[in-house]
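Chain residues, written in single-letter form:
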Amino acid sequence: MKKIKKLLLLTMLLALVLSLTGCGKEEPAIADNLYYEVDARSMQSLTQMTINQYKSLDDVAKKYYLTDGNNLQQTAVKGFEAAQTTDHVGNFEKFLEGEGSYKIRNGADGKVVFSQFCKYEHRVVEVKISYTENSAFELDKERLYQDLCSQADQYGMDVTQYIPAVYGEDQELDMTSMDGFLETCLGKYYNEFKYVGEECEVSPVYSKKELIQKAGVNTGIGMGVVFCVLIFISFVISLLKYLPMLFDKDIRKENAKKKQAHEDAKKKTEDRIIAASGVKPVAKAAPVSAADDSEDLMNDAELVAVITAALYAATSGATGGAVRVPAYTASNDKLVVRSIRRAKR
């Protein structure tokens, strides 16, 4: 019966773990109510550029970024390094494209988190970068536009003619719109972007089967550690009974002295009662056989002392003596003498 209960309990626990792994909800590509307005294309381009910058560095560059870099650079280097050394994701192959290739959602402290999924040699890796809005970007973009207009006026050209004539051969600049050109121009030549990266996190993507296996291993390790600790605690508690013998020698000696003093005081009290009664104590006789029913039982000194004390107390109370004691006296074995009657022989 106990085995069946244990098996049922383990089955219920496994079912609970499986249900928890399947309770996740698929997030949309762009979450609602973001902290600020986001251009998904610009943010994705900036994220991919950041990934290309930090995904494969030599030892000298890693050391520099880890010691003198900002928070984004340090977290990016640590994340990509852990993905290679701990998760063994292999070499980078490409950025995933199309539906499900990225996610945008709110993060902590007013940040917007952009997740770009990358295809590595052994598994897919999710790179999450937290962004804050660059409040000075629009002002700098307006200043760049005014500068371009001034340069175009010097050559007697319109700004829409001047820009293709000067920057038309640069394939990295967006020539499809004025805003696109200004934003890409600020990013390439002034290293200023619409969003500012604050932190990077690199997370290999595991399947549900792999997550269940890891959860089972972690659960087994955790339960094993707990049981080992409980067994150790039980062992320590079982040894507590030996502590007084190791550390309380003085206390045991003091208790022995108190017990001996109590025995001595009790003996002195009995001697005083017997002395006050005027009856000499009777020595203990040799044990008699059970067949001798007529033998006098007054061989116990303690019983003699108790009965004598009771007689003395009753006699003293009747004759008006100076000594008064209670009408009955209890012996050390809780024997109480309430009345004495003459035995019929």
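Residues numbered from 1 in each chain as written. Predicted model: local features only at pLDDT ≥ 70, side-chain atom pairs only at ≥ 80, totals over all residues. Heavy atoms only, no water.

With that out of the way, let us pick up unusual backbone geometry. You will see that H88, though not glycine, has its phi angle at about 55 degrees, which is positive. For H88, the position within the fold is in the loop between α4 (71-85) and β1 (92-95). Relative accessible area serves as the criterion here: at 51%, H88 is assigned to the exposed category. For D109, which is not a glycine, the phi torsion comes out positive at approximately 60 degrees. Along the chain, D109 turns up in the loop between β2 (102-106) and β3 (112-120). (Helix = DSSP H or I, 4+ residues; strand = E, 2+ residues; numbered from the N terminus. Buried < 20%, exposed > 50% of the residue type's maximum accessible area, 1.4 Å probe, protein only.)

It is worth spelling out the layout of surface pockets at this point. Of the volumes computed, that of the second largest pocket is approximately 420 Å³. Taken together, 15 residues make up the lining of the second largest pocket; nearest its centre are S45, L46, E183, T184 and F193. At the level of secondary structure, the elements contributing two or more residues to the lining of the second largest pocket comprise α2 (40-54) and α7 (178-190). (1 Å grid on protein atoms, 1.4 Å probe; cavity = no way out; pocket = protein on both sides within 12 Å on 5 of 7 lines; lining within 4 Å. Points joined across faces, edges and corners; volume = space filled by probe spheres on them.)

With that settled, consider the pairing of strand β4 (residues 124-133). Of all the ten residues making up β4, seven are buried; the element is thus mostly covered by neighbouring parts of the structure. One ladder, built from eight bridges, connects β3 with β4; its direction is antiparallel. Each residue of the ladder has a partner; that of V113, found in β4, is S130. Joining the antiparallel neighbours β3 and β4 is a turn of three residues. (Pairing = 2+ DSSP bridges.)

This part is about the confidence of the model for the chain. With 73% of its residues at a pLDDT of 70 or more, the chain shows a mean pLDDT of 81. Every residue in residues 321-325 is under pLDDT 50, and counting partners more than four places away or in other chains gives five contacts. (pLDDT = per-residue confidence, 0-100. Contact = heavy atoms within 4.5 Å.)

We now examine the pattern of salt bridges. Here the structure, examined in full by the defined rule, presents twelve salt bridges. Note that E263 and K266 form a salt bridge whose closest N and O atoms lie 3.4 Å from each other. In this pair, E263 and K266 both sit in helix α10 (residues 249-277), three residues apart, roughly one turn of the helix. The exposure class of E263 is partly exposed, given its relative accessible area of 33%. For K266, a relative accessible area of 27% gives the class partly exposed. (Salt bridge = Lys/Arg side-chain N within 4 Å of Asp/Glu carboxyl O.)

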